[in-house]
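Fold and contact review
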Amino acid sequence: MDERLVMASSAREAAVLAAGGAGYLAGGTELMRLGAARHCRKMVSIRRIEGLGKVEERDGEVLIGAAVTFQEALQSQLVPAYLKEALSFMGSRTKRNMATVAGNVAAWRDDSYLAATMLAVAAEVELMNEAGATRRLSVAEWARTRPEHRLIGRVIVPAEPGWVSSKRYANTMESLSYLVVSLCLSQGEARAALCVKGVGAFVSPELSEALSRGAGEDELVELSYGLDEAIPTDMYGSERYKRYLAGVTLARMLEDAERDGAR
Ligand SMILES: Cc1cc2nc3c(=O)[nH]c(=O)nc-3n(C[C@H](O)[C@H](O)[C@H](O)COP(=O)(O)OP(=O)(O)OC[C@H]3O[C@@H](n4cnc5c(N)ncnc54)[C@H](O)[C@@H]3O)c2cc1C
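Worth saying up front: this structure is predicted, and the values here are computed from it rather than measured. (Residues numbered from 1 in each chain as written. Predicted model: local features only at pLDDT ≥ 70, side-chain atom pairs only at ≥ 80, totals over all residues. Heavy atoms only, no water.)

**Notes on the site of the ligand**
Taken together, 31 residues are adjacent to the ligand, and Y24, G27, T29, L31 and T100 come closest. The separation between an oxygen atom of the ligand and a polar main-chain atom of A26 is 2.8 Å. The protein chains hide 89% of the 980 Å² of surface that the ligand would expose on its own. Counting only elements with at least two residues in the shell around the ligand, the list comes to β2 (23–25), α5 (101–107) and β8 (151–158). The element contributing the most residues to the shell around the ligand is α5, with five residues. (Near = heavy atom within 4 Å. Polar contact = N/O pair within 3.5 Å; in protein donor to acceptor, adjacent residues only side chain to side chain. Areas by Shrake-Rupley, 256 points an atom, 1.4 Å probe, with all protein chains shown as cover. Helix = DSSP H or I, 4+ residues; strand = E, 2+ residues; numbered from the N terminus.)

**A few points about the packing of helix α9 (residues 217–225) against helix α10 (residues 239–259)**
It is the contact of α9 with α10, at a shortest axis distance of 8 Å, that shows an interaxial angle of 145 degrees. In this structure, α9 meets α10 at a crossing whose hand is right-handed. Here E217, L220, V221, S224 and Y225 of α9 come into contact with α10, specifically with R240, R243, Y244, A246, G247, V248, L250, A251 and R252. Here the contact of α9 with α10 is composed, by residue class, of eight nonpolar, two polar and four charged. (Axes fitted to C-alpha atoms, helices over the stretch in contact; angles between N-to-C directions. Left-handed = near helix turned anticlockwise from the far one by under 90°. Contact = heavy atoms within 4.5 Å. Nonpolar A, V, L, I, M, F, W, Y, C, P; charged D, E, K, R; others polar.)

**Some words on helix α1 (residues 11–19)**
For α1, every residue scored as buried is listed here: A11, A14, A15 and A18. The arc enclosing the buried residues of α1, seen along the axis, measures out at 100 degrees, which places them on a common side. Where α1 is buried, its residues contact β2, β3 (42–45), β6 (124–128) and β8. One or two positions beyond α1, positive phi appears at G21, with a value near 115 degrees. (Buried < 20%, exposed > 50% of the residue type's maximum accessible area, 1.4 Å probe, protein only. Arc of directions from axis to C-beta.)

**A word on unusual backbone geometry**
Residues other than glycine seldom take positive phi values, yet A122 does so here, at roughly 55 degrees. Structurally, A122 is set in the loop between α6 (115–120) and β6. The phi dihedral of R146 is positive, around 40 degrees, even though this residue is not glycine. Counting through the fold element by element, R146 comes out in the loop between α7 (139–145) and β8. The class of R146 is partly exposed, set by a relative accessible area of 36%.

**Side note on the sheet that holds strand β10 (residues 177–186)**
Pairing is antiparallel in the open sheet, where four strands are placed in the order β9-β10-β11-β12. Pairing within the sheet leaves two strands with one partner each, and these edge strands are β9 (163–170) and β12 (200–203). With strand direction ignored, the average angle separating the axes of adjacent strands in the sheet is 10 degrees. By the bridge criterion, eight bridges tie β9 to β10 in an arrangement that is antiparallel. Of the residues in β10, the one forming a bridge with S166 is S182. Sitting on the sheet, helix α8 (residues 205–212) touches β10, β11 (189–196) and β12, and the angle it makes with β11 is about 140 degrees. Each of β9, β10 and β11 is contacted by α10, which is oriented at about 30 degrees to β10, the strand it contacts most. (Pairing = 2+ DSSP bridges.)

**With respect to the packing of aromatic side chains**
Per the counting criterion, the structure on display carries four aromatic pairs. Here the aromatic rings of F70 and Y113 are separated by 6.1 Å at their centres, their planes lie at 75 degrees, and the arrangement is edge-to-face. Taken together, the residues F70 in helix α2 (residues 70–75) and Y113 in the loop between α5 and α6 connect sequence positions 43 residues apart. Y113 shares its class with F70; the two are buried. With a centroid separation of 5.7 Å and an interplanar angle of 20 degrees, the aromatic rings of Y178 and Y236 are classed as stacked. You can see Y178 sitting in strand β10 and its partner Y236 sitting in the loop between α9 and α10, a full 58 residues away along the chain. Of the two residues, Y178 and Y236, neither departs from the other in class, the shared state being buried. Taken together, the aromatic side chains of Y169, Y178, Y236 and Y241 make up a single cluster linked through ring pairs. R240 extends its terminal NZ or CZ atom over the ring of Y225, reaching a point 3.9 Å from the ring centre. (Phe/Tyr/Trp six-rings, centres within 6.5 Å; stacked < 30°, edge-to-face > 60°. Lys NZ or Arg CZ within 6 Å of the ring centre and 35° of its normal.)

Okay, structure coming up:
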């Protein structure tokens, strides 16, 4: 078997190897998972690249390097509480010690722990190409375009985006989630993001608009029933149940925000 692993010593070296066909290896909890969607014969580990193992705060933003694990992010005083709420959706400490935040964003699974929260707060990624050039992209744009071979050097989240809440629905802590709901409220404006198994993560403009003007539970449930996304009926529940759950969850979140004086 011709499988190879190279430990990159710089982000640029990693990007060059990826452009030549190698897959980035961070924590490996997705890439090396039995039944993973992607398998790479050549891999370039980005875990030992200097500078990518840090969390920094700059100009109201928190920058999370590509080698930072869930556990390190949870223990960092710089990582905002709203993101820690989503990071703690990964229940296994063993997995949290290996899996990286950037790897989770890169994988962008339809049951992602972080995607809904990242979309709700309009997070960004810093990408690097093989020439060493960096550019920033919203996570929404990253998810839409998935620029091939580009290294996510950092995941960038706002330190204080406003009031944020995220909730994950799964049969058990260790099971895959069928719905994650995240709401960000800032200066009267709401952004609601959902991550639905079988669909993926998306921002709902309809729900966001209704939440911005303080819509009640009935309207939010009705709007959830009308969402265009093809939400599946599966072993986790019916389509109608998941739509209802999304609407009710957002209504409860809005009540919590009101109780906290956030609107
Ligand atoms: C039992 C089990 C259950 C799981 N359940 C869930 C779940 O419910 N929700 C969920 O979201 N995940 C789940 N995962 C997957 C995984 O644990 C997480 O998504 C994790 O955050 C991935 O991070 P990693 O560092 O291990 O990534 P890796 O496995 O190293 O990489 C994941 C993918 O991202 C790419 N990549 C990694 N880092 C970068 C980077 N910096 N730039 C560009 N590309 C990069 C890799 O090439 C690969 O394609 C599960 C895994 C296991 C084993």
